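# Overview (structure and organization)
Take a look at the letters that make up each chain.
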Amino acid sequence: MRERIKTLKILCLFIFVFALAASKNVNDSDRARNIYQLFTEANPRLQPKDAKNYAEIILQAGKKYKIDPYVIAALIVNESTVERTAKSRGGDYGLMQVRWKVHEKAIKKQFPKVKSAKDMFDPKINIFYGTDILAYCMKKAKNSVRGGILRYSAGNAELADRVISIVNRLNKKGK
């Protein structure tokens, strides 16, 4: 009898873990679709394949750095209007507007293939490094999303409010 109960407990645990994994896949799919829609609305010139690719990269970066992918996506909309080759007068590059002059050494250390600021136009490098910066900023802000965005954007409260507004809208759509 005890052996049977033990087997049932293991079976239940297996079913729970499987169901949890399956729900995460659906969740990721829904999140990717919502990010895709956000991006194509924000930048109508964006190619659908690029929007899909960016959404997948964001999901990967979010998992790696333990940051809500909606925060990353909303930041991209506000920083670059989802324009891969965006460059500011201050030397910010790419989707997440990473400041090359400030982060050059760290970027080259993390991504040895990166040789120049123009390499920051690579969506994967830009999103991963931008998310790394955001994770650092959030940690310094005691894991506050708003505080992290304020640090990321050098105190731009309007940007932080817009990002949070987009995140809230995406969350209402469903994760």
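Further up the page is the structure itself.
Predicted model, so just to flag it, every value in this text is computed and none were measured.

## Side note on the pattern of salt bridges
- Per the stated rule, a full pass over the model turns up eight salt bridges.
- Note that Asp28 and Lys63 form a salt bridge whose closest N and O atoms lie 2.6 Å from each other. Of the two residues, Asp28 sits in helix H1 (residues 2–42) while Lys63 sits in helix H2 (residues 48–65), which places them 35 residues apart along the sequence.
- Of the residues examined, Lys63 reaches a relative accessible area of 55% and is grouped as exposed.
- Arg45 is the partner of Glu83 in a salt bridge, and the nearest nitrogen-oxygen pair spans 3.6 Å. Of this pair, Glu83 sits in the loop between helix H3 (69–80) and strand E1 (92–93) while Arg45 sits in the loop between H1 and H2, and the two are 38 residues apart along the sequence.
- The exposure class of Glu83 is partly exposed, given its relative accessible area of 28%.
- The exposure class of Arg45 is exposed, given its relative accessible area of 65%.

## Some words on the packing of H3 against helix H5 (residues 123–140)
- The geometry of H3 relative to H5 is characterised by a closest axis approach of 11 Å and an angle of 110° between their N-to-C directions. With respect to H5, the axis of H3 lies roughly perpendicular. Judged by residue contacts, Val71, Ile72, Leu75 and Ile76 of H3 engage Ile127, Thr131 and Leu134 from H5.

## Quick notes on the packing of aromatic side chains
- By the definition in use, this model includes three aromatic pairs.
- Between Tyr93 and Phe121, the aromatic rings sit 5.6 Å apart at their centres with planes inclined by 55°, giving tilted as the arrangement. With Tyr93 in strand E1 and Phe121 in the loop between helix H4 (100–110) and H5, the pair connects residues that are 28 residues apart, well separated along the chain.
- Directly above the ring of Tyr70 sits Arg31, whose terminal nitrogen or CZ lies 4.7 Å from the centroid.

## Some remarks on the environment of Lys140
- Note that Lys140 resides in helix H5.
- When the C-alpha atoms of Lys140 and Arg151 are compared, they prove to be 8.4 Å apart, with 11 residues separating the residues in sequence.

## Thoughts on the packing of H2 against H3
- Where H2 meets H3, the closest approach of the two axes is 8 Å, and the angle between their N-to-C directions is 125°. Considered as vectors, H2 and H3 are oriented oblique to each other. For the pair H2 and H3, the crossing hand works out as right-handed. Here H2 contributes Ile58, Leu59, Ala61 and Gly62 to the contact with H3, which in turn contributes Pro69, Ile72, Ala73 and Ile76.
- Here the residues of the contact of H2 with H3 sort into seven nonpolar, one polar and no charged.

## Description of the layout of surface pockets
- Within this model, the largest pocket holds a volume of roughly 340 Å³.
- Lining the largest pocket are 16 residues, with Asp92, Gln97, Tyr152, Ser153 and Ala154 sitting closest to its centre.
- Looking at the lining of the largest pocket, the elements with two or more residues in it are strand E2 (98–99), H4, H5 and helix H6 (145–152).
- The residue inventory of the lining of the largest pocket, partitioned by class, reads seven nonpolar, five polar and four charged.

## As for the side chain of Asp28
- The class of Asp28 is buried, set by a relative accessible area of 19%.
- Within the structure, Asp28 has its side chain in polar contact with the side chain of Lys63 (distance 2.6 Å).

## Details of H2
- Between its terminal C-alpha atoms H2 stretches 26 Å, which fits the 26 Å expected from 18 residues at 1.5 Å a residue.
- Within the sequence span of H2, burial applies to Ala51, Tyr54, Ala55, Ile57, Ile58, Leu59, Ala61, Gly62 and Tyr65.
- Looking one or two residues past H2, Lys66 carries a phi angle of roughly 60°, positive in sign.

What counts, and at which threshold
Residues numbered from 1 in each chain as written. Predicted model: local features only at pLDDT ≥ 70, side-chain atom pairs only at ≥ 80, totals over all residues. Heavy atoms only, no water. Salt bridge = Lys/Arg side-chain N within 4 Å of Asp/Glu carboxyl O. Helix = DSSP H or I, 4+ residues; strand = E, 2+ residues; numbered from the N terminus. Buried < 20%, exposed > 50% of the residue type's maximum accessible area, 1.4 Å probe, protein only. Axes fitted to C-alpha atoms, helices over the stretch in contact; angles between N-to-C directions. Parallel < 35°, antiparallel > 145°, perpendicular 65-115°, else oblique. Contact = heavy atoms within 4.5 Å. Phe/Tyr/Trp six-rings, centres within 6.5 Å; stacked < 30°, edge-to-face > 60°. Lys NZ or Arg CZ within 6 Å of the ring centre and 35° of its normal. Left-handed = near helix turned anticlockwise from the far one by under 90°. Nonpolar A, V, L, I, M, F, W, Y, C, P; charged D, E, K, R; others polar. 1 Å grid on protein atoms, 1.4 Å probe; cavity = no way out; pocket = protein on both sides within 12 Å on 5 of 7 lines; lining within 4 Å. Points joined across faces, edges and corners; volume = space filled by probe spheres on them. Polar contact = N/O pair within 3.5 Å; in protein donor to acceptor, adjacent residues only side chain to side chain. Expected span 1.5 Å × (residues − 1).

All quantities given are derived from atomic positions and should not be read as evidence of function.
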